[in-house]
Structures are given as structure tokens and as C-alpha cells.
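# Structure at a glance
The lines below spell out each chain.
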Amino acid sequence: MTCSRVCGSVCKSKMSGQKKRNFRIEAFKHRVVVDPKYADKTWEALEHAIQEIYNHNASGLSFEELYRNAYNMVLHKFGEKLYSGLVTTMTAHLKETAKHIEASQGDWFLEEMNRKWADHNKALQMIRDILMYMDRTFIPSTNKTPVHELGLNLWRDNVIRSLKIHTRLLTTLLELVHKERTAEVIDRGLMRNIIKMLMDLGSKVYQEDFEKPFLTASANFYSVESQQFIECCDCGDYLKKAEKRLNEEIDRVSHYMDSKSESKITNVVEKEMIANHMTRLVHMENSGLVKMIMDDKYDDLRRMYNLFRRISNGLSTIRDVMTSHIRETGKQLVTDPERLKDPVDFVQQLLNEKDKHDKIINLAFNTDKAFQNALNSSFEYFINLNPRSPEFISLFVDDKLRKGLKGVSEEDVENVLDKVMMLFRYLQEKDVFEKYYKQHLAKRLLSGKTVSDDAERSLIVKLKTECGYQFTSKLEGMFTDMKTSQDTMQGFYTNYVVDSGDCPMLAVQVLTTGSWPTQPSATCNLPAEIRGVCEKFRSYYLGTHTGRRLSWQTNMGTADLKATFGRGQKHELNVSTYQMCVLMLFNNADRLSYKEIEQATEIPSSELKRCLQSLACVKGKNVLRKEPMSKDIGEEDTFFFNDKFSSKFYKVKIGTVVAQKESEPEKQETRQRVEEDRKPQVEAAIVRIMKSRRVLDHNNIVAEVTKQLQSRFLPNPVVIKKRIESLIEREFLERDKVDRKLYRYLA
Amino acid sequence: MGTQRDRVRFNVGGKLFETTATTLANAGRNSLFGAMFDENWNLRVAETGEYFIDRNPKCFSVLLDLLRTGELHIPANVPEKLLYREAQYYGLIDHVQAAKRGEFDGNRLRLAGSTTGRAPGDGTAIRASPDGGCCVAHGSMVHVYDWMLEEHPSINLDYQRVNDIGWIDSENIVITACERLGRVDGGMGLFSSSNGDLRYKFDVSHEGQTKSFTAGALSFSNDDKIFASCKGRTHEYGIGVWDQITGKQVDFFYESPGWSLGDADRLQWLNGTNCLLVATLFPRKDNCSISLLDFREKRMVWSWSDIGAPVTVDEKRVRDAIAMEDTSSICVVNEYEDLGFMDLRSSIGSVRWSSRSRLMKGKMSDEPCYPKLALHGGQLFSSMNDSISVFCGPDWVLTSRLRRSYGGSICDFSIGGERLFALHSEENVFDTWETPISLVA
């Protein structure tokens with residue numbers, strides 16, 4: 001029954017009576033509740049409905065009526081009764097539910113819980129539907145828990161955390177996980193539902209009631225398992241197993257756990273399976289990291305890298321072991337006396353070693369910068385252990401540029417040169433390399449042996465970018481000399497038309513002193529024919545270039561000779577200048593003794609011996625005969641023109657028996673020259689530094705000089721000290737009168 | 001046409017309605033219709049094929065129309081409050097609220113109503129709630145109104161004089177109040193907006209001891225912090241900071257000598273620069289000072305004061321200040337409603353007064369109210385006497401003025417929940433201004 005009534009209300013304003021009386025119509029009001037038991041009765045109806053909903057009997061209920069009842073209770077200030085009634089009813093029901101779940105046997109336990117949970121969720125939604133008005137108005141204004149959340153909390157407290165279920169649920173879940181780990185198939189769908197339930201109850205419930213114990217159990221499991229594995233597996237197998245376990249766990253999380261658990265469980269596996277055994281794995285004999293590197297086990301190495309990357313100091317462990325391995329093998333390589341016999345092979349071995357490790361880093365170590373740096377520093381370390389490395393690298397280049405690169409594509413040439421440059425970068429004594437490189441380049445240029453001008457120039461450009469203009473200016477000067485010499489010769493021949501008959505053709509290369517490695521020039525007596533042409537050239541050259549001095553470097557030249565042998569066969573002999581001098585003697589004699597030759601030519605004896613050896617002792621090229629027949633040249637030997645010489649080829653190249661590698665005295669000499677060259681550089685550096693600093697103490701000078709020069713070589717502190725003393729003597733510097741450790745710059 | 005399968009018939013209080021499930025779906029799951037037609041409820045239909053609802057048919061008609069069109073048209077014979085209650089029954093109150101008010105625009109405001117208060121004294125402050133309600137502080141009492149302007153139980157903090165009020169959300173109000181000498185009361189409290197219960201009382205502690213204090217101006221940051229100016233008994237002058245979630249004091253910025261923070265009239269948290277604007281103004285203090293505080297570095301990063309400024313005949317004193325982060329400036333206003341601007345990027349603050357000075361000295365009302373400033377959606381609002389001016393654009397040109405003759409000067413106003421509330425000093429009337437919904441698509 002409803003009624004509208006008109007009522008007058010006086011606004012009790014505390015302000016002065018200026019306010020007019022305000023009559024208004026009060027709106028539509030619900031009937032006043034007369035029945036004192038109204039609230040109880042309404043609640044009974046609602047409670048009955050809740051029971052029916054839980055019993056799947058909702059179809060008999062009138063939604064509209066229930067909704068209106070709940071609304072009325074709130075409207076008539078029975079919200080509190082409604083709310084507490086709900087709590088009581090739901091609690092009682094859930095306690096009953098818990099008993100059902102407890103009673104279920106074995107595997108049915110989770111099934112039952114899952115079923116009841118689904119029921120509860122559905123019922124909760126329906127109850128919330130009925131009580132929607134309370135949920136929207138009464139609950140926020142009284143700061144109570146909303147119906148849905150309340151339902152979840154009650155389920156948590158009365159079911160999940162009830163005495164007989166709490167631990168049973170946990171053990172069941174952990175058992176299932178354990179079963180799955182031991183390769184049994186479990187019902188993942190059910191598992192997912194149950195764990196989803198825990199997640200729905202709040203992240204705290206999930207973490208407390210499942211995740212934490214799960215992580216502890218996992219840690220135990222993997223601690224035991226990893227111990228077993230490490231006892232019976234080699235490193236590669238172990239890593240395979242660890243990787244598999246890790247992937248399994250990630251897969252497990254994606255199937256039935258909260259994605260936030262992934263990092264937590266992987267952390268556990270990482271710690272138990274990898275971090276705890278890391279050192280032992282890496283150092284495993286016959287299968288550890290060193291073995292893997294030696295055998296190029298890219299897959300295993302990649303696996304190790306990817307697994308160890310997950311551990312805080314995992315990669316540095318790999319790196320340290322790798323570094324010490326490379327240093328060790330490198331050291332063996334550069335100090336092995338066998339290897340030193342063949343410089344080309346020596347460098348090739350270094351390059352192979354570098355290639356091998358580059359490949360490992362690229363294929364297995366994710367092209368990791370830190371690893372590349374470790375590799376570089378290792379190479380730098382051991383290459384410089386051998387003082388002959390600069391020489392050998394230059395020899396390697398020499399070999400490549402003489403013959404090694406014949407018929408190789410431009411790209412490959414670049415490739416080889418780049419690799420050489422890489423080795424060059426590791427060198428501390430770059431000036432020593434320069435010295436040797438200059439010598440070798442000179443030989444190549446003068447003998448016309450260089451395969452490719454482009455390759456030569458390309459390498460010079462690379463050296464220039466690496467070390468700057470100064471480093472290569474002299475090398476470039478050598479190229480310029482070659483070019484100018486060509487032009488000069490053209491000029492010479494156009495001006496002096498030489499009768500083409502018997503007169504030999506002369507090709508002179510004019511070398512600028514200083515640009516070329518000058519060797520103590522051992523002049524020899526040239527044959528008269530040659531001497532004539534030479535004189536003509538000298539006067540031509542000095543005629544066009546005033547103020548210059550020419551001196552012949554007979555030790556560096558070559559000659560082509562036309563020779564006719566006993567049975568009339570003709571050959572062109574390609575020989576060195578010295579050899580030419582010797583052979584020309586036989587134009588007038590058939591037999592000459594060593595002494596006679598030495599007298600006639602005045603070639604230094606070591607050179608002469610070498611050149612006679614190549615003329616008389618090499619099979620197939622023996623244009624001379626020697627008595628007695630032996631491999632070595634003695635001072636008492638006699639030489640004959642070999643009438644019976646024959647060769648398949650018209651052109652015969654007679655090489656000089658040269659020691660490609662420097663002999664011991666030569667080495668000393670080069671060394672000395674390098675040391676000599678360093679002196680002015682060190683002095684220049686000292687002066688530069690002192691000029692800007694004015695006053696500096698000894699240790700700081702040494703440090704700064706070393707820093708300035710390290711791109712070329714590592715100066716010895718003793719040398720620096722000597723240079724400082726020399727500069728003091730020459731009054732560039734003086735010692736401080738008070739503090740003797742201080743030096744002053746004298747302007 | 002045949003029978004439409006989604007057709008639904010209702011009998012509401014004896015009157016028949018016919019609609020479609022599609023229309024009802026507009027109500028959303030969180031409504032009576034959403035629940036009723038959920039598949040969980042395998043509803044039986046009466047033999048008549050109708051669903052019976054025991055409610056007022058006139059209101060149902062209006063609400064059904066709202067679901068059909070998204071528009072709210074309340075016939076003259078349906079009282080608004082009745083409709084609201086019915087909407088609440090069906091769980092459609094959000095729909096009604098959305099349909100009732102348009103997006104706030106200072107230039108299109110219409111007076112939606114006036115609410116008369118019962119307070120004996122002058123109004124202190126009015127604050128709009130996020131959902132369109134408001135609360136009004138008078139002396140030691142705070143009256144709370146929801147968006148239907150239905151009054152809720154009022155609030156007080158030990159009946160101490162209220163200094164400032166603020167909404168944390170539509171359910172929670174913070175009140176700052178004076179401390180009574182010799183008693184541990186006053187301070188700052190958190191109240192329920194629906195039933196007025198005190199939910200939490202904030203403490204200030206110094207060197208491990210809880211102290212009683214007077215709390216002044218309030219501000220809230222969007223990372224759940226509450227800032228309030230505080231005056232304690234001895235050294236506890238400065239700005240207190242509390243966590244909204246735990247309620248615990250998390251920080252305190254002690255004022256430096258000669259620089260008043262504890263007496264501040266206005267605090268404003270600046271999200272962009274992570275700083276708090278603190279303004280202490282005439283006449284609470286003889287001099288005005290404005291500063292920006294960086295709490296992470298415990299440093300005053302910008303400051304301005306009129307100490308030592310030459311007193312001109314045409315005296316201009318700053319009465320309110322508001323920071324405008326978009327333009328890195330602070331807007332101030334004097335008692336003649338002149339606007340002034342200061343650049344936050346230059347360290348030496350100087351006020352650039354706009355020349356739009358109106359000579360109002362002669363016609364000052366008997367009961368002057370100090371001007372107040374507010375910023376909303378790029379529009380600047382300034383209250384003066386009985387009107388509120390709206391300024392727009394980069395040069396802040398005056399574009400609108402809101403005025404109503406009844407109620408006297410405006411002592412405070414507040415914008416929120418798409419509404420503007422203006423509190424008048426006489427009779428504690430407050431006006432509600434709304435932007436009418438635009439039906440032009």
C-alpha cells in the first residue's frame with residue numbers, strides 16, 4: 001500500500017527569520033513497515049534463495065522479487081542484517097562444502113574441489129545479482145567488503161585454508177608437479193583450474209599457498225638432481241639436461257601458473273643447476289669449456305653461453321677460462337722452436353687460431369663484445385711474447401704479396417690483408433714491423449716480384465689509417481721512386497740512342513736515400529760492358545739533376561743474360577747483379593778458381609759464396625760446374641762453364657740462395673737499428689711533453705712518454721732515462737736544484 | 001515481420017512496456033537488467049509472457065527511454081529525486097549522471113540550482129568531489145552533498161575550526177582543523193563522505209614523538225600523497241606529507257627562518273615538475289611569499305616574495321596564486337581582480353600585472369571577499385565579489401562572467417565532477433553551475 005502525503009516542514013534555520021517558510025511535496029514514499037518481523041521474514045526468503053542457488057534450484061526463484069526484497073532491506077536500514085546474514089549463510093555453506101571436498105578420495109580430491117569452486121563462482125555471481133543494490137550503495141558507504149570479494153575471502157578461509165584441506169591441497173599440487181617432472185602425464189587442465197582458483201583468490205593467496213612452497217620444493221628437487229647429473233654426465237650432457245629442465249619449467253608456467261612465476265622458478269633452476277656447479281662444469285676434465293673450445297663444439301658452447309648468461313657472474317667465468325686457455329695455447333705457439341723455422345706458417349697458425357676463436361664467438365657466444373675484447377687482449381698478450389713476431393708478420397705479408405695472392409680475387413686479397421692488419425694491431429713494437437716491412441717491400445719492388453700493385457697500395461692505406469701519415473710516408477716514397485725511375489729511363493733512352501747490338505740494356509732505379517733501407521753497399525767490379533752504360537747513365541742523370549750523388553747498389557740489382565751452351569742451345573738466364581758479374585767472367589775463361597773470381601769481382605765473400613752456390617749447386621740450374629762436387633762452396637774450389645747444361649725452358653731463373661729469415665747477426669743489426677731509430681723519437685716525445693709542462697718529475701715523464709709512443713712501440717724506461725740524461729747534457733732540460741727528481745724545460 | 005526473438009515485455013507497476021534485449025543490453029551487466037537476463041538466471045516467464053517489476057512506471061518509462069536513446073528527458077510531473085532513486089534501484093544511476101551533464105566548459109555554464117545551508121557563520125571553503133558532489137566548510141562544521149545534492153551526515157573534527165577540506169576520492173574527505181590550546185585535538189582527519197564517520201586521524205611526529213598541530217591548506221598528489229601546511233607548538237612549522245594508503249607520515253619539510261610555510265593559504269602539487277607550490281598571502285601574513293618545494297632534494301627550487309617591494313598608492317597585493325604548468329608560470333590576483341603573471345623559468349620572480357585593471361575601489365561591496373583562482377581544462381577562473389570571470393587563450397582574455405544576484409559575495413568556489421560550485425558568503429547559499437549537454441551531434 002502506498003500513499004502520497006502532503007506535509008509541511010519548517011526549515012529550522014539558525015539565521016534570522018528572513019527565510020520564508022518552505023512548503024513542498026514530499027515524494028513518493030514506500031509504505032511504512034508495520035510488520036516488526038518484516039526484516040526476519042524477508043531475510044528468510046533471501047536465505048532460502050541462496051540455498052536454492054547453491055542447490056542448483058534457481059529456476060524456481062523469482063529474480064525480481066528477490067532483488068526487490070534485498071532492496072527493501074537496505075532501504076529500511078536492515079543492510080547490516082542482510083550483510084551479516086549473507087556472511088553467516090555463505091560461511092555455513094562453505095564449511096559444508098569443505099567437508100565434501102575433504103571426503104573425496106585420492107585423485108578425486110582436486111576434481112571435487114574444482115567442481116565445487118565452479119559451483120561457488122556461479123552461485124556467487126547470482127547472489128551478487130540479487131544483492132546488487134546492497135553492493136552498490138550500502139557496502140561502499142559502510143566500507144565493507146563487496147559481495148564478490150567477500151565470497152572469495154570466505155572460500156579462502158573456509159575451504160582452502162581449512163585444517164584438513166590446506167596442507168593436502170599443497171601436497172597434492174606439489175606431488176603432481178613432481179610426477180610431471182619425472183615424466184608422468186598429469187591432467188594439466190585440472191591443474192590450471194585449481195591454480196587459477198588460487199590466483200583468483202588474490203596474488204597473496206597464490207604466493208603463500210602455492211608459489212613459495214612450490215619454489216622450495218623445486219629447489220630441493222633440482223639440488224638433488226643436479227648432484228646426480230654432475231656425478232655421471234659430462235659437461236655437454238649436463239648442460240643439455242639443464243637446458244631441458246629450464247625449458248620444461250618455462251613451459252609448465254605457461255600452462256598452469258601465473259606468468260610472474262616464470263622468472264622465480266627459472267631463478268631456482270638457474271641457481272641449483274647452474275650457479276652451484278658452474279666452476280665444476282667449466283673445469284670438467286675432457287669435456288669442460290677448454291675441451292669444447294678445442295673441439296669447436298659450437299652447440300655445446302652456445303648452450304653454455306645461454307645458460308651461464310642467466311647467472312650473475314656466469315659469463316665472466318666462461319671468459320676467464322677462455323682467456324687463460326687462449327693465452328696458454330698462444331704462448332705455446334709463439335714459443336715453439338719448431339714453429340719459428342717457418343715464419344709464414346707461424347703467422348698462418350696465428351691467423352687460424354684467431355679465425356677459430358672468432359668463429360666460436362660469432363656462432364656460440366652471440367658475438368659478445370666482452371668476449372671479443374678478451375680475445376683481443378689475449379692475442380696482444382702472447383704475440384708480443386715473441387720478439388720476432390713483427391718480423392714474421394712482415395715476412396708473411398711478403399710471402400703473400402710475392403706469390404701467395406696470385407690468381408686470388410680482389411675480395412680475398414683484401415680479406416687476407418685485413419687479417420694481417422688485425423695481427424699488426426696486436427703488436428707493441430710497430431716500429432720494428434715497419435723496419436722489416438720496408439726491407440721486404442724494397443726487395444719486392446726492386447726485384448719486380450710484387451704480384452699486385454693494388455694489393456701493395458691497399459696495405460699501405462691500411463697502415464696509414466692505423467698509424468698515421470708519418471708511419472707510411474717513407475713507404476710511399478719508395479713507390480714514387482719506382483715511378484720516377486721508369487720516367488728517367490725513358491728519358492735516358494730517348495736521349496742516348498744506344499746501338500742495339502751487343503750493348504746491354506740498362507734499367508736503373510734511382511732510390512732516394514732515407515726512404516729505402518740502406519744496406520752497407522758492397523760495391524763490386526762490374527763487367528766493362530756494363531760499366532760503360534752505367535757511366536753514360538750517370539752523366540745523363542747528373543746532367544738533368546744537379547747537386548745529386550749517385551752510388552750503385554749492386555747488391556740489389558738483377559740481370560738477364562743470353563747464353564749459348566755446348567750443343568748450341570740458347571737460354572736466357574735471369575740472375576742477380578753479382579751472379580751476372582761472375583758469369584760474365586766465363587765469357588773469357590772456361591775454368592776459374594774461387595780466388596780468381598773473388599779477385600776479379602770483389603764481391604764480399606759471404607755474398608759470393610751464396611751466389612756461386614746458386615749457380616753451381618742447384619740441380620737443373622747449374623750453369624757452372626764445380627770441383628770438387630759438393631753442396632758447399634770452399635775457398636779452394638774451382639768452377640767450370642757447364643757445357644752440358646740443359647733445361648726445358650728457354651728462360652731460366654737462377655735464384656739466389658737467400659736466407660729468407662734473418663740470420664742471427666742480421667737480426668742483431670736490425671734490432672740495433674730499431675733501437676737507434678727510437679732514440680730521436682723518445683727524445684722528441686720528452687721535449688714535446690716538457691715544452692708544455694715546463695716542470696715534471698721523472699715518473700710522470702716516463703708515464704707520458706710511454707703513453708705517447710705506445711701506438712708505435714713500448715719504450716723501455718731505462719732508454720727513456722738515458723734520453724733524459726742526454727737531453728740534460730745538451731741543455732734542453734735541467735734538474736731542479738732543490739728536488740733532484742724534478743726536471744725543468746730550458747727554452 | 002514475424003516475432004522478433006529478442007523482444008521483451010515488462011509489466012511495471014501495472015503498465016505494459018515492450019522493448020528489446022538489445023536496448024536492455026545498454027544497461028550493462030552491473031544493472032538489474034544485466035543480472036536478470038544473465039544465463040545463470042533461467043528466468044521463467046509468466047503465462048502472460050511478461051516480466052513483472054513492482055516499480056513506478058513513469059520513471060521506468062524515462063529510464064527505458066534513456067537506454068534507448070542515451071538521452072535523459074525528465075517530464076515535469078516526475079520529481080528529479082524520485083527518478084534518481086528509481087535509477088539507483090535499477091543500477092542505472094551512472095547512466096543518468098552521464099546523460100545529465102555535459103563536458104565542463106566555463107563559457108557555456110548554466111546555473112543548475114542553488115542549495116541553501118543552515119550554517120551560522122561565514123563559509124570557509126567549498127570543494128567539488130570527483131563525482132559531482134561537494135562539501136562545504138563553515139566554521140567548525142563540514143556539510144557533505146552527493147551529486148544529487150542530497151545532504152549526507154555532516155562532519156566535524158572535535159568541533160574545531162576547519163581550515164581546509166579536500167576529497168581523496170568520492171568516498172573519502174580530509175579535513176584540516178585548528179588545534180585547541182592545552183588539548184590534543186584538531187589536526188587532520190579522514191572521513192567517510194556517506195556516513196560522516198571519522199576513519200583515520202593523521203599524526204605528526206617529530207623525533208619519534210607525536211605532536212598535536214594545526215593543519216592548514218591541503219593538496220593531493222597523483223602518487224597518493226597528502227600535503228598539508230602544519231603549525232605545531234614549537235618547531236613543527238612546515239609542510240607535512242602523508243601516504244594516502246597507509247595514512248602514515250612520510251615526510252616533513254621544515255620551514256626556514258623568515259620564510260613561512262606552516263601558515264600557507266594555498267598548496268598545489270605540480271605533477272609535471274614533482275614540486276609543491278606553497279603560497280602564504282595577505283592578510284594572514286603581512287607579506288606574500290610564493291615558493292616551489294622539491295621534496296626529493298629538500299630544497300626550495302623557486303621563490304618570490306613582496307618583502308621590500310615599494311608600496312605604491314595603487315597598492316597591489318597578491319591575494320591568491322595558482323601555478324600553470326603548461327606555460328611554466330604562476331598566475332596571481334590582487335584585490336581589484338587584476339591578474340598578474342610570473343615566469344617559473346626565471347629564478348628572479350617578478351609579477352607582470354595585466355593592464356586590464358578596473359577601478360573598483362569606489363564600488364567595493366560592504367563585505368569584501370578576497371579573490372580566488374582556479375584552473376580547469378585550459379580555462380582560468382577568478383572569483384570577485386558576486387561573480388566569477390572566465391579567461392581563455394594564451395593571453396587570458398575575459399570570455400565569460402557568471403553572476404547571480406542572490407547570496408552576496410562569493411567567498412570560495414571549486415570545479416570538479418563536471419560542475420562548478422560557488423559558495424556565497426550570505427546565508428551560505430551555494431550555486432551549482434553545469435554545462436548543458438549538447439544534443440547536436
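Data block above holds the structure.
Figured I'd write up the structure that's included with this text. Since we're looking at a predicted model, the values are computed, not measured.

Definitions and limits used
- Residues numbered from 1 in each chain as written.
- Chains lettered and ligands numbered in written order.
- Predicted model: local features only at pLDDT ≥ 70, side-chain atom pairs only at ≥ 80, totals over all residues.
- Heavy atoms only, no water.
- Helix = DSSP H or I, 4+ residues; strand = E, 2+ residues; numbered from the N terminus.
- Buried < 20%, exposed > 50% of the residue type's maximum accessible area, 1.4 Å probe, protein only.
- Contact = heavy atoms within 4.5 Å.
- Areas by Shrake-Rupley, 256 points an atom, 1.4 Å probe, with all protein chains shown as cover.
- Phe/Tyr/Trp six-rings, centres within 6.5 Å; stacked < 30°, edge-to-face > 60°.
- Patch = residues over 30% accessible without salt bridge, like charges linked within 9 Å, V, L, I, M, F, W, Y side chains within 5 Å.
- Salt bridge = Lys/Arg side-chain N within 4 Å of Asp/Glu carboxyl O.
- Lys, Arg positive; Asp, Glu negative; His and termini not counted.
- Charge placed at Lys NZ, Arg CZ, Asp CG, Glu CD.
- Polar contact = N/O pair within 3.5 Å; in protein donor to acceptor, adjacent residues only side chain to side chain.
- Expected span 1.5 Å × (residues − 1).
- Bend = angle between axes of the 7 residues up to and from the residue.
- Pairing = 2+ DSSP bridges.
- Axes fitted to C-alpha atoms, helices over the stretch in contact; angles between N-to-C directions.
- Buried area = accessible area lost by both parts, 1.4 Å probe.
- Nonpolar A, V, L, I, M, F, W, Y, C, P; charged D, E, K, R; others polar.
- Parallel < 35°, antiparallel > 145°, perpendicular 65-115°, else oblique.
- Left-handed = near helix turned anticlockwise from the far one by under 90°.
- Core = buried A, V, L, I, M, F, W, Y, C linked by side-chain atoms within 4.5 Å.

A few words now on the overall build of chain B. The helix and strand inventory of chain B stands at five helices and 33 strands. Every one of the 441 residues in chain B was classed for burial, and the buried ones make up 53%. Counting contacts in chain B only where the partners sit at least 6 residues apart, residues at least 24 apart contribute 49% of the total. Accessible surface, chain B as shown: approximately 20000 Å² in total, 49% of it carbon and sulfur.

When helices and strands are counted, chain A shows 29 helices and eleven strands. Taking all 747 residues of chain A together, the buried fraction comes to 45%. Within chain A, contacts between residues separated by at least 24 positions form 70% of all contacts whose residues are at least 6 apart in sequence. Accessible surface, chain A as shown: approximately 39400 Å² in total, 50% of it carbon and sulfur.

So, on to the packing of aromatic side chains. All names here are of chain B. Counted according to the given criterion, the structure contains 46 aromatic pairs over all chains. Ring plane angle 65 degrees and centroid distance 5.8 Å describe the contact between F10 and F33, whose orientation is recorded as edge-to-face. Within this pair, whereas F10 is found in strand β1 (residues 7–12), its partner F33 is found in helix α2 (residues 32–36), the two being separated by 23 residues in sequence. One exposure class covers both F10 and F33, and it is buried.

All names here are of chain A. The grouping of E410, E411, D412 and D454 at the surface amounts to a negative patch. A per-element tally of the negative patch places helix α19 (residues 410–426) first, with three residues. Relative to the helices and strands, E410 resides in helix α19. For E410, a relative accessible area of 67% translates into the label exposed.

What follows concerns the pattern of salt bridges. Residue and element names in this part refer to chain A. As enumerated under the stated definition, the model contains 79 salt bridges over all chains in all. Residues E429 and R671 are paired through a salt bridge, measuring 2.8 Å at the closest nitrogen-oxygen approach. In this pair, E429 sits in the loop between α19 and α20 (430–447) while R671 sits in helix α27 (residues 664–693), placing the two residues 242 residues apart along the sequence. With relative accessibility at 18%, the residue E429 sits in the buried group. Under the relative-accessibility criterion, R671 is labelled partly exposed at 27%. In the salt-bridge network here, residues are joined through shared partners; they are E180, R181, R188, E249, D251 and R252.

This part covers the side chain of B:S400. All names here are of chain B. Note on placement: S400 falls in strand β30 (residues 397–403). With a relative accessible area of 15%, S400 lands in the buried category. A distance of 2.6 Å separates the side chain of S400 from the side chain of N107, its partner in a polar contact. Each residue touching S400, except ones within four places of it in the same chain, is listed here: G106, N107, I388, S389 and V390.

Of note, A:N366 is a non-glycine position whose phi angle comes to about 60 degrees, a positive value. Positive phi, normally seen in glycine, also occurs at B:K298, with a value near 50 degrees. Turning to its location among the elements, B:K298 is positioned in the loop between β21 (289–294) and β22 (299–305).

What follows covers helix α9 (residues 203–232) of chain A. With 30 residues, α9(A) should reach 44 Å at 1.5 Å per residue; the first-to-last C-alpha distance of 40 Å fits that figure. Where α9(A) bends most, at A:E211, the angle is about 35 degrees, and the proline A:P213 comes one to four residues later.

Moving on: the sheet that holds strand β2 (residues 15–20) of chain B. Residue and element names in this part refer to chain B. Spatial strand order, β2-β1-β3: three strands in an open sheet with mixed pairing. At either margin of the open sheet sits one strand with a lone partner, and together these are β2 and β3 (51–53). The sheet shows a mean angle of 30 degrees between the axes of neighbouring strands, direction not considered. With six bridges connecting them, β1 and β2 associate as antiparallel partners. Paired with F10 across the strands is F17, a residue of β2. Packing of helix α3 (residues 57–69) onto the sheet brings it into contact with β1, β2 and β3, and relative to β2 it is tilted by some 10 degrees.

On to helix α6 (residues 147–160) of chain A, then. Residue and element names in this part refer to chain A. End to end, α6 covers 19 Å across 14 residues, agreeing with the expected 20 Å (1.5 Å per residue, within 8%). Counting buried positions along α6 yields ten of 14 residues, so the element is predominantly enclosed. Every buried residue belonging to α6 is among V147, L150, G151, L152, N153, L154, W155, N158, V159 and I160, and all of these are buried. Residues of α6 that are buried sit in contact with α3 (79–103), α4 (108–130), α5 (132–142), α7 (163–181), α8 (188–200) and α9.

In this section: the pairing of strand β11 (residues 187–192) of chain B. Residue and element names in this part refer to chain B. Across the six residues of β11, six count as buried, placing the element largely inside the fold. Judged by which residues are buried, β11 turns out to be covered on both faces: G187, G189 and F191 on one side and M188, L190 and S192 on the other are all buried. As paired strands, strand β10 (residues 172–177) and β11 are joined by six bridges and run antiparallel to one another. Within β11, the position partnered with V174 by the bridge is L190. In this sheet, strand β12 (residues 198–202) lies alongside β11 in antiparallel orientation, the contact comprising four bridges. Considered in β12, the bridge of G189 is made with K201.

In this section: the pairing of strand β7 (residues 141–145) of chain B. All names here are of chain B. In terms of burial, β7 is largely enclosed, as four of its five residues are buried. Bridging between strand β6 (residues 134–138) and β7 involves five bridges; their strand directions are antiparallel. In the sheet register, A137 faces β7, and the bridge partner there is V142. Following β6, the chain reverses through two residues before pairing antiparallel with β7; G139 in that reversal takes a positive phi of roughly 55 degrees. Pairing geometry for β7 and strand β8 (residues 151–156), over four bridges, is antiparallel.

Bringing the interface of chain A and chain B into the picture now. At the interface, 32 residues of chain A touch 34 residues of chain B. Taken over both partners, the interface formed by chain A and chain B buries close to 3000 Å², and the fraction arising from carbon and sulfur atoms is 54%. Residue assignment for the side of chain A that touches chain B shows that the elements contributing at least two residues are α2 (63–75), α4 and α5 of chain A. Looking at the side of chain A that touches chain B element by element, the count peaks at seven residues for α5(A). Tallied by class, residues from the side of chain A that touches chain B come to 13 nonpolar, ten polar and nine charged.

This part takes up the packing of α4(A) against α7(A). Geometrically, a packed helix pair is captured by the angle between its two axes and the distance between the axes. Residue and element names in this part refer to chain A. Closest axis-to-axis distance for the α4/α7 pair is 10 Å, and the angle between their directions is 115 degrees. Taken together, α4 and α7 sit at an angle that is classed as roughly perpendicular. Handedness of the α4/α7 crossing: left-handed. Contact residues: F109, L110 and M113 in α4; I165, R168, L169, T172, L173 and L176 in α7. Among the residues making up the contact of α4 with α7, the classes are represented as seven nonpolar, one polar and one charged.

Bringing the nonpolar core into the picture now. Counting 183 residues, the largest nonpolar core has A:F308, B:F10 and B:F33 as its most contacted members. In terms of residue count, α9(A) provides more of this core than any other element does, ten residues in total. In terms of nonpolar packing, the next biggest core, distinct from the first, is built from 44 residues, A:Y540, A:L592, A:I603 and A:F639 among them.

All names here are of chain A. Where helix α16 (residues 343–363) meets helix α17 (residues 369–383), the closest approach of the two axes is 10 Å, and the angle between their N-to-C directions is 165 degrees. Comparing the axis directions of α16 and α17 gives the class roughly antiparallel. As α16 runs across α17, the sense of the crossing is right-handed. Every residue of α17 that contacts α16 at L350, E353, K354, H357, D358, I361 and N362 is listed here: F371, Q372, L375, N376, F379, F382 and I383. For the contact of α16 with α17, the class distribution of residues is seven nonpolar, four polar and three charged.

The subject of this paragraph is the sheet that holds β22(B). All names here are of chain B. Reading across the sheet, the four strands line up as β19-β20-β21-β22 and stay open at both edges, with antiparallel pairing between neighbours. Among the strands making up the open sheet, the edge pair consists of β19 (266–270) and β22. Across the sheet, the mean angle separating the axes of adjacent strands is 15 degrees when strand polarity is ignored. The pairing of β19 with strand β20 (residues 275–280) spans five bridges and is classified as antiparallel. In the strand pairing of β20, R266 is matched with A279.

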